[in-house]
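Geometric and topological summary
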Amino acid sequence: MKTRFFILTLMLVLSMVLTACSAPQQAESSSETPVALRVGAKCGPTAHVMPLFIILAETGGELDGVQIEYVPVTGPDQMTALLRNGDVDVLLSQIITPAKMHMEGIPIHLYSLSMSKGFYVVTAEGIQGWEDLQGQRVLLPDPASGPSRLALASMKATGFDPEADFTIENMPASQIVQLMVAGEAPAAVVSEPHVTIVIGNAKKEGITLKPSAIDLYALYESETWPVGQLPLDGVLATTDVLEDEASAAALETIITAYNESIEFMLSNPSDASKLIAEQLTEQCDSKMKPDPLEKSFSSGRLQYDPRPVGDLLPDLDTYIGLILGTEVDEGYYAQP
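Now for a description of the structure that goes with this document.

All right, on to the overall build of the protein then. Of the regular secondary structure elements, the protein holds 13 helices and twelve strands. Here the C-alpha coordinates of the protein stretch approximately 105 × 40 × 35 Å along the principal axes. Classification of the 336 residues of the protein by burial places 48% in the buried group. A separation threshold of at least 6 residues defines the contact pool for the protein, and within that pool the share at least 24 residues apart is 78%. Carbon and sulfur atoms provide 52% of the accessible area of the protein, an area that totals close to 16200 Å². The positive charge centre, built from 19 side chains, and the negative charge centre, built from 45, are 7 Å apart in the protein.

Moving on, we come to the sheet that holds strand β3 (residues 66–73). By definition, the strands of a sheet pair up through backbone hydrogen bonds, in either a parallel or an antiparallel sense. The strand order across the open sheet built from seven strands is β2-β3-β1-β4-β11-β5-β12, with neighbouring strands paired in mixed fashion. Only two strands of the sheet have a single neighbouring strand rather than two, namely β2 (62–63) and β12 (303–308). In terms of strand pairing, strand β1 (residues 35–42) meets strand β4 (residues 90–94) through two bridges, oriented parallel. Paired with glycine 40 across the strands is leucine 91, a residue of β4.

Taking strand neighbours across the sheet as the criterion, the five strands line up as β8-β7-β9-β6-β10 in an open arrangement whose pairing is mixed. The sheet is open, and its two borders are formed by β8 (167–170) and β10 (210–211), each paired with just one other strand. Where helix α5 (residues 146–157) meets the sheet, its contacts fall on β6 (119–123), β7 (137–140), β8 and β9 (187–191), and the angle it forms with β7 comes to roughly 145°.

Enumeration over the complete set of coordinates arrives at one disulfide. The disulfide partner of cysteine 43 is cysteine 284, and the gap between their sulfur atoms is 2.0 Å. Note on the cysteine 43 and cysteine 284 pair: the S-S dihedral is about -95°, so by sign convention the disulfide is left-handed. Here cysteine 43, found in the loop between β1 and α2 (50–59), pairs with cysteine 284, found in helix α11 (residues 269–284); they are 241 residues apart in sequence, far enough to count as distant. Judged by its relative accessible area of 19%, cysteine 284 is buried.

Basis of the calculations
Residues numbered from 1 in each chain as written. Predicted model: local features only at pLDDT ≥ 70, side-chain atom pairs only at ≥ 80, totals over all residues. Heavy atoms only, no water. Helix = DSSP H or I, 4+ residues; strand = E, 2+ residues; numbered from the N terminus. Buried < 20%, exposed > 50% of the residue type's maximum accessible area, 1.4 Å probe, protein only. Contact = heavy atoms within 4.5 Å. Areas by Shrake-Rupley, 256 points an atom, 1.4 Å probe, with all protein chains shown as cover. Lys, Arg positive; Asp, Glu negative; His and termini not counted. Charge placed at Lys NZ, Arg CZ, Asp CG, Glu CD. Pairing = 2+ DSSP bridges. Axes fitted to C-alpha atoms, helices over the stretch in contact; angles between N-to-C directions. Disulfide = S-S within 2.5 Å.

These values are about where atoms sit, not about what they do.
Right, dumping it as structure tokens:
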């Protein structure tokens, strides 16, 4: 009987020792589990998504304990739905549309951004200002897009009523390229790399198109940022991400890699364009080739200058209000 009791006691002690020894190992294993963040961005060669494509191409989305899940987005309506349903954690976007979403109650906040340049009014030679296009057809992309918002604000700032003084038509960038090359419109506002594409395609047809003298970036100037650039592309996060310590740290990891990818793109246009073209094919079923991307990077027409949000306030707030037409509450800005 005593022997049996001793054996039972010994088994209990051994069980407790083994449990105690295994507990730290389980905790260590748990701590090594990657933090997964779902990153939403428009599926296409937009300035704000291309650095992400570099990250995905080089890492497969595995970054120092962070797992990136790319969520392709077709437009603002889908993005709004994804955010409302909690299906996206981080958003890469031009900063004006998310500001409007925030005002409508969506818990999204601007965390960092790039002073950028990449939108142009493409015309035939001789166009010096909006007055030269008065009464004529002007092609714009999606009304909620950065190029369209900036163009309309520029028209208003120079004293024109966009609806009354121009024939504004919104259409996809691919259609804008076709119509401009066919000579069916005198002007269009497009972003890189589509600026490079429309100029190159027109040249093949014996047509000269180029960025006009209309300077969209003269709309708002500040001592806070360089002349000739505006705050366009942002990295945004939901309230849940910002309030969770592990998720917030993962966001910082992504932003660091994102900014490093920007530097890589601008200093290695050939290599970067190949990686981006591969991701466009894989992620977006795009047929875009590396060549126009490389020419876009090399031309100097596409510029990035990453900045923390807090460094640009309060002028950033004034600028967004100017473009959006209404003030944005301070809760839109996450200030690290």
